[in-house]
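Examining the three-dimensional arrangement
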Amino acid sequence: MEDIVIHNALGVCSAEEDTQILARVSAEEAPAGGRALDMGTGTGYVAIYLARRGLEVEATDVSERALGLAGENIRRNSVPVRLYRSDLFSAVQGKFDVIAFNPPMNPRETELTRWVTSFLRRHRCIADLLMRVFDRWLQGSRMDFLVRFMEQAKGYLRPGGCVVLEATRAELDALETLLPAWRVCRRIDIPSLPAEQIAVFRPSGERDV
Ligand SMILES: C[S@@+](CC[C@H](N)C(=O)[O-])C[C@H]1O[C@@H](n2cnc3c(N)ncnc32)[C@H](O)[C@@H]1O
């Protein structure tokens, strides 16, 4: 994990391989010195990675526990990141060149489900098996949330900006069909989570940068 120092804690999604790929792809898609939003920052890894590359970064999370841990990790790595609580875009202002989001497995999270999912993230084969078994259920319960996120995201992008989103392959297929205002430019595999991918979405009608 480069030379970034990250402490994990139960109750907060740990930084894993998918987190690292999300950070790398977001950095690849952002223009030098651009503005980035790390939504649902968890440990703060993506925000720290992007700030290290000279981007102006804001990081949000709905969970106070995650914000506490991300704040500690941001201080540990001595990077400038503006960190605040937001439920999706409720407290976000301004526009960004890249918006990165690894959404929660269950959008109706409670303290208990946060503990369970943070435990599962550390055991990738169990997590991948559950994603496969519950794929249909997840699609039903997460699609509304993902569509809401994508519809709101459009208003927070600078011209040429993009969203980098992690989701299951089935969810990404469905989003491509459901969201004509967006097009998918790249889909990147996650070796440890074969059921999921990271996709780069750009508003339809805009060219790749
Ligand atoms: C799967 S974890 C990803 C954490 C981190 N970005 C990573 O990739 O390791 C999802 C994160 O989204 C946060 N989250 C859940 N619902 C949210 C919402 N409505 N708005 C913002 N963040 C949310 C959770 O608290 C959690 O930290």
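It should be noted that the structure appears before, not after, this text.
Anyway, here's the lowdown on the structure attached to this text. Only a predicted model underlies this, so the values are computations on that prediction, with no experimental measurement involved.

Regarding the site of the ligand
By nearness alone, 18 residues border the ligand, and C13, G40, D61, D87 and L88 come closest of all. Contact between the ligand and T19: an oxygen atom at 2.8 Å from a side-chain N or O atom of the residue. With respect to the ligand, the backbone of L88 contributes an N or O atom lying 2.8 Å from a nitrogen atom. In isolation the ligand exposes 600 Å². Once the protein is present, 96% of that is buried. Judged by its atoms lying within 2 Å of the grid points, the ligand is housed in the largest pocket. Class assignment of the residues belonging to the shell around the ligand gives a composition of six nonpolar, eight polar and four charged.

A closer look at the pattern of salt bridges
Taken as a whole and judged by the stated rule, the model has 15 salt bridges. For R202, the salt bridge is made with E29, and the minimal N-O distance between the two is 2.6 Å. Note that R202 is positioned in strand 7 (residues 196-203) and E29 in helix 1 (residues 17-29), a separation of 173 residues in sequence. R202 gets classed as buried once you look at its relative accessible area, which sits at 2%.

Overview of the pairing of strand 7
The side chains of a regular strand alternate between both faces of the sheet. By the criterion of burial, strand 7 is predominantly enclosed, with eight of the eight residues buried. Of the two faces of strand 7, the one holding E196, I198, V200 and R202 and the one holding Q197, A199, F201 and P203 are both buried throughout. One ladder, built from seven bridges, connects strand 6 (residues 182-189) with strand 7; its direction is antiparallel. Following the sheet pairing, W182 is matched in strand 7 by P203. Remark: six residues form the turn of the hairpin made by strand 6 and strand 7, two consecutive strands paired antiparallel.

Concerning unusual backbone geometry
Phi at S78 is positive, roughly 50°, even though this residue is not glycine. Along the chain, S78 turns up in the loop between helix 3 (64-76) and strand 3 (81-85). With a phi close to 45°, L88 is a non-glycine residue in the positive phi region. Considering the arrangement of structural elements, one finds L88 in the loop between strand 3 and strand 4 (96-101).

Some words on the pairing of strand 4
Within strand 4, six of the six residues are buried, which leaves the element mostly enclosed by the surrounding structure. Here four bridges tie strand 1 (residues 35-39) to strand 4, and the two strands are oriented parallel to one another. Looking at strand 4, one finds that A36 is bridged to V98. One ladder, built from five bridges, connects strand 4 with strand 5 (residues 157-168); its direction is parallel. When the bridges of strand 5 are listed, F96 appears paired with L157.

Some thoughts on helix 2 (residues 45-52)
Most of helix 2 is tucked away, with seven of its eight residues classed as buried. In the core, the buried residues of helix 2 are packed alongside helix 1, strand 1, strand 2 (56-61), helix 3, strand 3 and strand 4. Remark: G54 follows helix 2 within two positions and exhibits a positive phi of approximately 85°.

Considerations on helix 3
With 13 residues, helix 3 ought to run about 18 Å at 1.5 Å a step, and its terminal C-alpha atoms sit 18 Å apart, in line with that. The complete set of buried residues in helix 3 reads A66, L67, L69, A70, G71, N73 and I74. On its buried face, helix 3 is in contact with helix 2, strand 2 and strand 3. Between a side-chain oxygen at the N-terminus of helix 3 and the backbone nitrogen of R65 the separation is 3.3 Å; the capping residue is S63.

Criteria and cut-off values
- Residues numbered from 1 in each chain as written.
- Predicted model: local features only at pLDDT ≥ 70, side-chain atom pairs only at ≥ 80, totals over all residues.
- Heavy atoms only, no water.
- Near = heavy atom within 4 Å.
- Polar contact = N/O pair within 3.5 Å; in protein donor to acceptor, adjacent residues only side chain to side chain.
- Areas by Shrake-Rupley, 256 points an atom, 1.4 Å probe, with all protein chains shown as cover.
- 1 Å grid on protein atoms, 1.4 Å probe; cavity = no way out; pocket = protein on both sides within 12 Å on 5 of 7 lines; lining within 4 Å.
- Sits in = over half its atoms within 2 Å of the grid points.
- Nonpolar A, V, L, I, M, F, W, Y, C, P; charged D, E, K, R; others polar.
- Salt bridge = Lys/Arg side-chain N within 4 Å of Asp/Glu carboxyl O.
- Helix = DSSP H or I, 4+ residues; strand = E, 2+ residues; numbered from the N terminus.
- Buried < 20%, exposed > 50% of the residue type's maximum accessible area, 1.4 Å probe, protein only.
- Pairing = 2+ DSSP bridges.
- Contact = heavy atoms within 4.5 Å.
- Expected span 1.5 Å × (residues − 1).

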